[in-house]
Every structure is written in structure tokens, then in C-alpha cells.
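# Structural description and commentary
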Amino acid sequence: AQVLKAGGEAWELDRQRMAAMASYGSVAAFPYHAWYRFLARRFPSAIWTKTALEVLVVVPLLEIPAMMMWTGILGRNQTWRQAADQLRRDYPTAFAYGLAVWGPTSVLTFKYVPPRWQLLAFYSVGALWDCGISAIAFDMTPPPGEGW
């Protein structure tokens, strides 16, 4: 996301931002592994049920708040309150982005990707998701104490 924002111009790597995103991804991988295993066992052929749970429960109620709070506090040095305020401001954009990314991804993955490879498919798209959610979390709202 940092490279894309720079648009070919000179830029400096924000190590704190990178560390916050990488640490979140490392921690979140564990519950997501269990989540997708649960979906595969509980709803083996229910494509629409799994997709609805993904885009209407997990992404809006867990992924977006966890990612925004984690990156706000660890990546932007926000207080809990500042991160929560930013989450409220940026949530509609993040939710729309979540629907746009995970709706089609979930349907296509659950329908066409063999269960054995679904986790890999989701993690691959997750890397792209991380770029977009990073841009929302870091670039839409100025850091604490700074204005536009």
C-alpha cells in the first residue's frame, strides 16, 4: 500500500506501519485457519451460507474492528479512544471494501477451489485485502496530532 500511494515518486518505508500490518497478519492467521476448517466441516457444500458468514459476520464484526484497532494502536501510536474514533469514521469505507473483496472471493473460492486449497486461496487474496485495508487505516485519517 505504501508503494502504491507513492505513485512512482520517492518514498520512505514506514517500518512501524509494516510491523503493525505484519504482526496483525501473523496473529490473525491462527483463528482464520480454525475458522475455515470449521466452515468446511460444518457447511461442506453450502457456498452461500459460508459466504454470508464470511462477509456479514466475520469481516464486519471481527476482521475490520480488529485490524483497525491493532494498526491504529501499534502502527499509528493512537490511544484506544483515537483508534476507536478512527474505526467509526473509516468503518463504512472498510465495510464496502470488505464486501467488494470478500463477497466474490468467497463465492468463487467455495465454489471452484478444492477444500484442500481454499486456505491458500483466501490467504493469497488476503494479501491484496491487506494493501487496501492498510490504505484505509493509514491514509484516510491523519495521525494523532496532525491535520490534513
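Everything discussed here concerns the structure shown above.
Residues numbered from 1 in each chain as written. Predicted model: local features only at pLDDT ≥ 70, side-chain atom pairs only at ≥ 80, totals over all residues. Heavy atoms only, no water.

## Focus on helix α5 (residues 115–139)
For α5, built from 25 residues, the straight-helix expectation of 36 Å at 1.5 Å per residue is met to within 8% by its first-to-last C-alpha distance of 36 Å. Ala127 marks the point of greatest bend in α5, at about 25°. Three or more residues of α5 are buried, namely Gln118, Leu119, Ala121, Phe122, Gly126, Trp129, Gly132, Ile133, Ser134, Ile136, Ala137 and Phe138. Next to the buried residues of α5 lie α2 (15–42), α3 (47–76) and α4 (80–112). (Helix = DSSP H or I, 4+ residues; strand = E, 2+ residues; numbered from the N terminus. Expected span 1.5 Å × (residues − 1). Bend = angle between axes of the 7 residues up to and from the residue. Buried < 20%, exposed > 50% of the residue type's maximum accessible area, 1.4 Å probe, protein only. Contact = heavy atoms within 4.5 Å.)

## Considering the packing of aromatic side chains
Evaluated as defined, the whole model comprises 10 aromatic pairs. When the ring of Tyr32 is compared with that of Tyr36, the centres are 6.1 Å apart and the planes differ by 25°; the resulting orientation is stacked. Of the two residues, Tyr32 and Tyr36 both sit in helix α2, four residues apart, roughly one turn of that helix. (Phe/Tyr/Trp six-rings, centres within 6.5 Å; stacked < 30°, edge-to-face > 60°.)

## Comments concerning unusual backbone geometry
Positive phi outside glycine occurs at Asn77, with the angle close to 60°. Topologically, Asn77 is positioned in the loop between α3 and α4.

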